[in-house]
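Here's the letter readout for the chains.
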Amino acid sequence: QVQLVESGGGLVQPGGSLRLSCAASGFTFSSYVMSWYRQAPGKERELVASISGAGTTNYADSVKDRFTISRDNAKNTVYLQMNSLKAEDTAVYFCKARRISTYWGQGTQVTVSS
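About the criteria used
- Numbers given for residues are sequential positions, taken from 1 along each chain in its written order.
- Predicted model: local features are reported for residues with pLDDT of at least 70 only, side-chain atom pairs are reported and counted for 80 or more only, and whole-chain, interface and lining totals are derived from all residues.
- Note that water and hydrogens are dropped before the side-chain values are worked out from all heavy atoms of the structure.
- Any two strands between which DSSP finds at least two bridges are classified as paired.
- Secondary structure elements follow DSSP: runs of H or I no shorter than four residues count as helices, runs of E no shorter than two count as strands, and numbering proceeds from the N terminus.
- Fitted lines through C-alpha atoms give the axes, limited to the stretch in contact for helices. The angle between two N-to-C directions lies from 0 to 180 degrees.
- Only protein chains enter the accessibility calculation, which uses a 1.4 Å probe; a residue whose area is less than 20% of its type maximum is buried, one above 50% is exposed, and one in between is partly exposed.
- By salt bridge we mean one thing: a side-chain nitrogen of Lys or Arg within 4 Å of a carboxyl oxygen of Asp or Glu.
- Only four residue types enter the charge count: Lys and Arg as positive, Asp and Glu as negative, with His and the chain ends excluded.
- Working rule for contacts: check all heavy atoms of both residues, and any pair within 4.5 Å makes them a contact.

Focus on the sheet that holds strand β1 (residues 3-7)
Pairing in this open sheet of 4 strands is antiparallel, and the strands run β1-β3-β8-β7 from one edge to the other. Of all strands in the sheet, those bounded by a partner on one side alone are β1 and β7 (67-72). Across the sheet, the mean angle from the axis of one strand to that of its neighbour is 15°, orientation sign disregarded. Bridge count for strand β3 (residues 18-25) against strand β8 (residues 77-82) is 6 bridges, and the pairing is antiparallel. Following the sheet pairing, L20 is matched in β8 by L80.

And the structure:
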């Protein structure tokens, strides 16, 4: 059984930081491209960042220079370090794994507010 379990979301002040984690099981983690997506109420789900098995990264322009995606293949875990958070970063953040099949986590809420 495939599982992707996100954690680390919560309420943070503007300018603050959070680190999201996604723990994977049930597939060969190192072979998959891992990504973080986010979805705000009334908006479409959008790609935030991705990382290949070899460590090549890509970022949405809106988060470039503020967010960092990384992976630890020994722990079957992908991370999203979020710094200098803004109100517009408020969304549910989802973890995705892709090779031939695609798997999604359940999401974790991030709220940026005073």
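Some remarks on the pairing of strand β4 (residues 33-39)
Counting buried positions over the 7 residues of β4 gives 5, a clear majority of the element. Both β4 and strand β9 (residues 91-98) contribute to a ladder of 7 bridges, which runs antiparallel. Residue pairing for β9: R38 is matched across the bridge by Y93. As judged from the 5 bridges shared by β4 and strand β5 (residues 46-51), these two strands associate in the antiparallel manner. Paired with M34 across the strands is I51, a residue of β5. Hairpin remark: β4 followed by β5, antiparallel, with 6 residues in the connecting loop; positive phi at G42, about 75°.

Structural notes on the pattern of salt bridges
In total, this model carries 3 salt bridges according to the counting rule given. With its nearest N and O atoms 2.8 Å apart, the salt bridge here joins R38 to E46. Of the residues examined, R38 reaches a relative accessible area of 6% and is grouped as buried. Since its relative accessible area comes to 36%, E46 is described here as partly exposed. Between R38 and D89 there is a salt bridge, with its nearest N and O atoms 2.9 Å apart.

Digging into unusual backbone geometry
Peptide bonds are trans in most cases, and residues, glycine excluded, mostly fall at negative phi. In this model, N76 sits at a positive phi of 50°, which is unusual for a non-glycine residue. Relative to the helices and strands, N76 is located in the loop between β7 and β8. Unusually for a residue other than glycine, S84 sits at a positive phi of about 50°. With respect to the helices and strands, S84 occurs in the loop between β8 and β9. Note on S84: relative accessible area 41%, which makes it partly exposed.

So, the side chain of E6
Within the element layout of this structure, E6 appears in strand β1. No salt bridge is formed by the buried E6; its nearest oppositely charged neighbour, R45, is found at 7.8 Å. Residues within four places of E6 in sequence aside, it is in contact with S21, C22, W36, Y93, F94, C95, G105, Q106, G107 and T108.

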